[in-house]
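# Fold and contact review
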Amino acid sequence: MNLIKFYNLILSLEFIFAVVTFILLFFIKAPYGRHIRKGWGTEISNTWGWVIMEFPACAVILICFLLGNKSLVLSIFFIIWEIHYLQRTFIFPFLVKSKGKKMPLTIVFSSVGFNLMNGFVNGYFLFFLS
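Residues numbered from 1 in each chain as written. Predicted model: local features only at pLDDT ≥ 70, side-chain atom pairs only at ≥ 80, totals over all residues. Heavy atoms only, no water.

## Some words on a nonpolar patch on the surface
On the surface, Ile16, Phe17, Val19, Val20, Phe22, Ile23, Leu24, Phe26, Phe27, Ile28 and Trp40 cluster together to form a nonpolar patch covering roughly 1,100 Å² of accessible area. By the element assignment, phenylalanine 17 lies in helix H1 (residues 3-24). The exposure class assigned to phenylalanine 17 is partly exposed, which follows from its relative accessible area of 43%. (Patch = residues over 30% accessible without salt bridge, like charges linked within 9 Å, V, L, I, M, F, W, Y side chains within 5 Å. Areas by Shrake-Rupley, 256 points an atom, 1.4 Å probe, with all protein chains shown as cover. Salt bridge = Lys/Arg side-chain N within 4 Å of Asp/Glu carboxyl O. Helix = DSSP H or I, 4+ residues; strand = E, 2+ residues; numbered from the N terminus. Buried < 20%, exposed > 50% of the residue type's maximum accessible area, 1.4 Å probe, protein only.)

## Section: the side chain of asparagine 118
Mapped onto the secondary structure, asparagine 118 falls in helix H4 (residues 105-129). Asparagine 118 sits in the buried class, given a relative accessible area of 13%. Setting aside anything within four residues of it in sequence, one finds asparagine 118 in contact with Glu14, Trp81 and Tyr85. (Contact = heavy atoms within 4.5 Å.)

## Examining the pattern of salt bridges
For the coordinates displayed, the defined rule picks out two salt bridges. A salt bridge links lysine 38 to glutamate 43, with the nearest nitrogen and oxygen atoms 3.4 Å apart. Residue class for lysine 38 comes out exposed when judged on its relative accessible area of 70%. The exposure class of glutamate 43 is partly exposed, given its relative accessible area of 22%.

## Overview of the side chain of glutamate 82
Inspection of the secondary structure puts glutamate 82 in helix H3 (residues 72-95). Within the buried set, glutamate 82 has no salt-bridge partner at all; the shortest N-O distance to an opposite charge, 12 Å, is to arginine 88. Residues contacting glutamate 82, with those up to four places away along its chain left out, are Ala57, Cys58, Ile61, Leu62 and Gln87. (Lys, Arg positive; Asp, Glu negative; His and termini not counted.)

## A few points about the nonpolar core
Ala57, Cys58, Ile61, Cys64, Phe65, Leu74, Phe78, Trp81, Tyr85, Leu126 and Phe127 together form the largest nonpolar core, which totals 11 residues. Mapped by element, the contributors of at least two residues to this core are helix H2 (46-67), H3 and H4. No other element matches H2, which puts five residues into this core. For alanine 57, the residues in contact, after removing those within four places along its chain, are Trp81, Glu82, Tyr85 and Asn115. (Core = buried A, V, L, I, M, F, W, Y, C linked by side-chain atoms within 4.5 Å.)

## Topic: the environment of isoleucine 79
By secondary structure assignment, the location of isoleucine 79 is in helix H3. Each C-alpha atom, one on isoleucine 79 and one on leucine 62, is 9.8 Å from the other, the two residues being 17 residues apart in sequence.

## Thoughts on the packing of aromatic side chains
All told, the structure shown has 13 aromatic pairs when counted by the stated rule. Look at tyrosine 7 and tyrosine 124: their rings are 5.4 Å apart centre to centre, the planes differ by 35 degrees, and that puts the pair in the tilted class. Placement of the pair is tyrosine 7 in helix H1 and tyrosine 124 in helix H4, with a sequence separation of 117 residues. Of the two residues examined, tyrosine 7 and tyrosine 124, each falls in the buried class. (Phe/Tyr/Trp six-rings, centres within 6.5 Å; stacked < 30°, edge-to-face > 60°.)

## Structural notes on the state of the cysteines
Each disulfide is one covalent bond, formed between the sulfur atoms of two cysteines. Per the counting criterion, the structure on display carries zero disulfides. Cysteine 58 forms no disulfide, and the closest cysteine sulfur to it belongs to cysteine 64, at a distance of 13 Å. (Disulfide = S-S within 2.5 Å.)

Take a look at the structure:
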């Protein structure tokens, strides 16, 4: 499978997951933040769960940037993305008042999956297709 087909597959999956998640959240409260409850599996520190789940968004687009096309405009998009996700990954989790709160690994891993797909879709488009 070439990268264009892989890109289209991931893009399609991201849209499908978005629609399914949108519908499911009308019926299920995600066990996250104030809605956390038992029964969703192993839990970890809310702070470290946030760091783990946001990190792929920083890493994947960095890889795409390093391997792909570069220009001033693309570099600006990359810097804006990285500032946003570095703040979400390494600053926000340590500022939020969540000491002692937990997060299920199911939430962490589903967010890791989303951020891998989102980083790839945006990074591949910007640095290879644009």
